[in-house]
Amino acid sequence: MIASLNALLWGKVLIFVLIPVGLWFTLRSRFVQFRHFAEMFGIFREAFKHKADHPSSFQALALSVAGRVGAGNIAGVAVAITLGGPGAVFWMWLVGIVGMATSFFECSLAQLFKRQEPSGDFRGGPAFYIQHGLKKRLGPLAPVLAGLYSILLLVAFGFAFNVLQSYAVSTSVSGAFGFDPRIVGVVLAAFVGLVIFGGVRRITRVVEIVVPVMALSYIGLVLFILATRITDVPDALGLIVESAFGLNEAVAGGIGAALTQGIRRGLFSNEAGLGSAPNVAAVAYVAHPGQQGVVQAFSVFIDTLIICTCTASIILLSGVDFTDSNVDGVILTQTALAAHVGGWADEFVATALMLFVFSSIMYNYFLGENALDFFIHENKIVFTAFRIATLGFVLIGSNLDLSAAFGFADAAMGLLALVNLFALVLLFPIGLRIMRDFDAQRKKGIKPVFDPADYADLDIDAAAWKLEPDDEARLAQKRA
């Protein structure tokens, strides 16, 4: 049944929804992801600034990258190449490029409709912008659709993805170092527990350190490989483009397989349009919703255009046989890396995957917590039970071969994407309104600041927009 559902979602529905919607957002926004591309790098200045009251925009970026950069970047890319050929990488790139525009709007909307909890923390995401943004258009259907999204988010990220990530890392570390997978699961669960029991603020503090270390280490190794194999790079790029359009049929299943696998693994990796990242985008303090939209678009670029390309480069430049569908994705990446750097490749990939999965599980936990909070606000007993359950899922994944969870995760992702994209299309005029306000202030040379009075016709939480003194001064100047 799951296989049939996936065949319908990924073979006949999402292929004709995901990229067209992203292209429509891109064109209607006048290529927002390119117009603000240089500005995206300014977020790194926030790495050295810490706000006591709320996670910073940089910490939200680190947490979203933590979730996006995981097993999908190591195992998922390898699976895409094995089943769809090198051409799948091209379609992953396209999903990433148009997904940057989708991410801009979904994360801007998450900021606009975020709510402030009694503790002072922010909560938001698709469930919130569906319930509060579509209440006039959908009436009583809005909270029902928001509840459905939250349930899917809880099941997919709170269960399926944690089990899947734990299985991937336990088998990789076991193969590289010879450790019992159960021991790996216990150690991983212990470290995860130390973080998630500290809540979202501890999670953001940890990932802002772990994510740059893991990403830069992986990118640095690939740059070294590219430098040593620079003459082979044009051929590898040519193979990707040829296979993407079925011009190299000997490689895999032609354009159909490349297209399907590229879109499926691209969404699994960068999650643009899925609605998961907006849950994280909403927790940060920013002066304007568009600011967080720009930051989260950059997160998609980091994940797909950089990290996934790194893995694809390792595989395609190695000369290893990537056509055997029976070879595990992690094993393929380890074998390819060993062809470049020697025997220590197993240990490196296992360590990188351990960091990727560790950060992803924290991200998955937060999404599950956010889904629960939609129904039960800041209930300590429920949250504690869910934290314990999360550790249990990690242990289950390390003990059992649940690789079939990929199929379940694909189905859950497809349904999440459909619900979220439906909401985004309906809310797109509001998204454009945010973007135009953001652009207009930048055009005047003003650092954009949000004025709740301009959005009084919408169901937003004005209490969530208490600006810092500098931002208040700019808002007063803008109103004057």
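Residues numbered from 1 in each chain as written. Predicted model: local features only at pLDDT ≥ 70, side-chain atom pairs only at ≥ 80, totals over all residues. Heavy atoms only, no water.

Caption draft 1: Main features of the overall build of the protein chain. When helices and strands are tallied, the protein chain shows 21 helices and 2 strands. Taking 2.2 N^0.38 as the reference for a compact globule, 480 residues should give roughly 23 Å; the C-alpha atoms of the protein chain span a radius of gyration of 21 Å, in line with that estimate. Reported as C-alpha extents along the three principal axes, the dimensions of the protein chain are approximately 65 × 50 × 45 Å. Burial analysis of the protein chain (480 residues in total) assigns 61% to the buried set. Counted over contacts in the protein chain with a minimum sequence separation of 6, partners at least 24 positions apart contribute 82%. (Helix = DSSP H or I, 4+ residues; strand = E, 2+ residues; numbered from the N terminus. Rg over C-alpha atoms; globule rule 2.2 N^0.38 Å. Buried < 20%, exposed > 50% of the residue type's maximum accessible area, 1.4 Å probe, protein only. Contact = heavy atoms within 4.5 Å.)

Caption draft 2: Structural view of the nonpolar core. Ranked by internal contacts, the top residues of the largest apolar core, which has 160 residues, are Leu 112, Tyr 129, Ile 130, Phe 157 and Leu 337. Residue contributions to this core peak at 18 residues, all from helix H18 (residues 345–375). Apart from residues lying up to four places away in sequence, Ile 130 is in contact with Lys 135, Ala 142, Leu 145, Ala 146, Tyr 149, Val 419 and Ala 423. (Core = buried A, V, L, I, M, F, W, Y, C linked by side-chain atoms within 4.5 Å.)

Caption draft 3: Looking closely at the pattern of salt bridges. The tally for this structure, following the rule as stated, stands at 12 salt bridges. With its nearest N and O atoms 2.6 Å apart, the salt bridge here joins Arg 123 to Glu 369. In this pair, Arg 123 is assigned in strand S2 (residues 122–123) and Glu 369 in helix H18, connecting sequence segments 246 residues apart. A relative accessible area of 3% means that Glu 369 is categorised as buried. Through salt bridges with shared partners, a single network forms among Glu 117, Arg 123, Glu 369, Asp 373 and Arg 387. (Salt bridge = Lys/Arg side-chain N within 4 Å of Asp/Glu carboxyl O.)

Caption draft 4: Region of the structure containing the packing of aromatic side chains. This model, assessed by the stated rule, comprises 23 aromatic pairs. With a centroid separation of 6.1 Å and 35 degrees between ring planes, the pair formed by Phe 31 and Phe 34 is classed as tilted. Judged by its relative accessible area of 39%, Phe 31 falls in the partly exposed class. By relative accessible area, Phe 34 is classed as partly exposed at 47%. In this arrangement the basic side chain of Lys 114 is found over the ring face of Phe 122, its NZ or CZ atom lying 4.0 Å from the centre. Lying over the aromatic face of Trp 465, Lys 114 brings its terminal NZ or CZ to 4.3 Å of the ring centre. (Phe/Tyr/Trp six-rings, centres within 6.5 Å; stacked < 30°, edge-to-face > 60°. Lys NZ or Arg CZ within 6 Å of the ring centre and 35° of its normal.)

Caption draft 5: Summary view of helix H8 (residues 126–133). Among the 8 residues of H8, 7 are classified as buried, and the element is accordingly described as predominantly covered. Among the residues making up H8, those that are buried are Pro 126, Ala 127, Phe 128, Tyr 129, Ile 130, His 132 and Gly 133.

Caption draft 6: Looking closely at the state of the cysteines. On inspection of all chains with the given rule, the structure shows 0 disulfides. No disulfide involves Cys 308; its sulfur sits 9.1 Å from that of Cys 310, the nearest cysteine. Judged by its relative accessible area of 7%, Cys 310 is buried. (Disulfide = S-S within 2.5 Å.)

Caption draft 7: Structural detail: the packing of helix H11 (residues 181–196) against helix H19 (residues 380–399). At a closest axis distance of 8 Å, the pairing of H11 and H19 adopts a crossing angle of 160 degrees. Between H11 and H19, the crossing angle belongs to the class labelled roughly antiparallel. In the crossing of H11 with H19, the sense of the turn from one axis to the other is right-handed. Contacts between H11 and H19 pair Pro 181, Arg 182, Gly 185, Val 186, Leu 188, Ala 189, Val 192, Gly 193 and Ile 196 from the former with Arg 387, Thr 390, Leu 391, Val 394, Leu 395, Ser 398 and Asn 399 from the latter. Grouping the amino acids of the contact of H11 with H19 by side-chain chemistry returns 9 nonpolar, 5 polar and 2 charged. (Axes fitted to C-alpha atoms, helices over the stretch in contact; angles between N-to-C directions. Parallel < 35°, antiparallel > 145°, perpendicular 65-115°, else oblique. Left-handed = near helix turned anticlockwise from the far one by under 90°. Nonpolar A, V, L, I, M, F, W, Y, C, P; charged D, E, K, R; others polar.)

Caption draft 8: Fine view of helix H13 (residues 233–244). Here H13 contains 12 residues, and its C-alpha end-to-end distance of 17 Å stays within 8% of the 16 Å for a straight helix at 1.5 Å per residue. Three or more residues of H13 are buried, namely Val 233, Ala 236, Ile 240, Ser 243 and Ala 244. In an axial view of H13, the angular spread of the buried residues amounts to 105 degrees, which keeps them on one side of the axis. Among the exposed residues of H13, those pointing more than 90 degrees away from its buried face are Pro 234 and Asp 235. The first or second residue beyond H13 is Gly 246, which carries a positive phi of 70 degrees. (Expected span 1.5 Å × (residues − 1). Arc of directions from axis to C-beta.)

Caption draft 9: Region of the structure containing the packing of helix H5 (residues 57–68) against helix H16 (residues 289–316). One can describe the packing of H5 onto H16 by two numbers: an axis separation of 9 Å at closest approach and a directional angle of 35 degrees. When you trace H5 past H16, the crossing you get is right-handed. Contacts between H5 and H16 involve Ser 57, Ala 60, Leu 61, Ser 64, Val 65 and Arg 68 on the former and, on the latter, Gln 291, Gln 292, Val 295, Gln 296, Phe 298, Ser 299, Val 300, Ile 302 and Asp 303. Of the residues that constitute the contact of H5 with H16, the class distribution is 7 nonpolar, 6 polar and 2 charged.

Caption draft 10: Structural view of the confidence of the model for the protein chain. Averaged over every residue, the pLDDT of the protein chain is 84; residues scoring 70 or more account for 92%. Here helix H14 (residues 254–270) stands out as the least confident element of the protein chain, with mean pLDDT 71; H8 is the most confident, with 95. (pLDDT = per-residue confidence, 0-100.)

Caption draft 11: The arrangement of the environment of Val 192 in detail. Structurally, the position occupied by Val 192 is in helix H11. On the basis of relative accessible area, Val 192 is assigned to the buried category, the value being 0%. Taking the C-alpha atoms as reference points, Val 192 and Tyr 365, 173 residues apart in sequence, are found 9.5 Å from one another.

Caption draft 12: The arrangement of unusual backbone geometry in detail. Unlike most non-glycine residues, Arg 30 shows phi in positive territory, near 55 degrees. The phi angle at Phe 31 is positive, at roughly 60 degrees, despite the residue not being glycine. Inspection of the secondary structure puts Phe 31 in the loop between helix H2 (18–28) and helix H3 (32–35).

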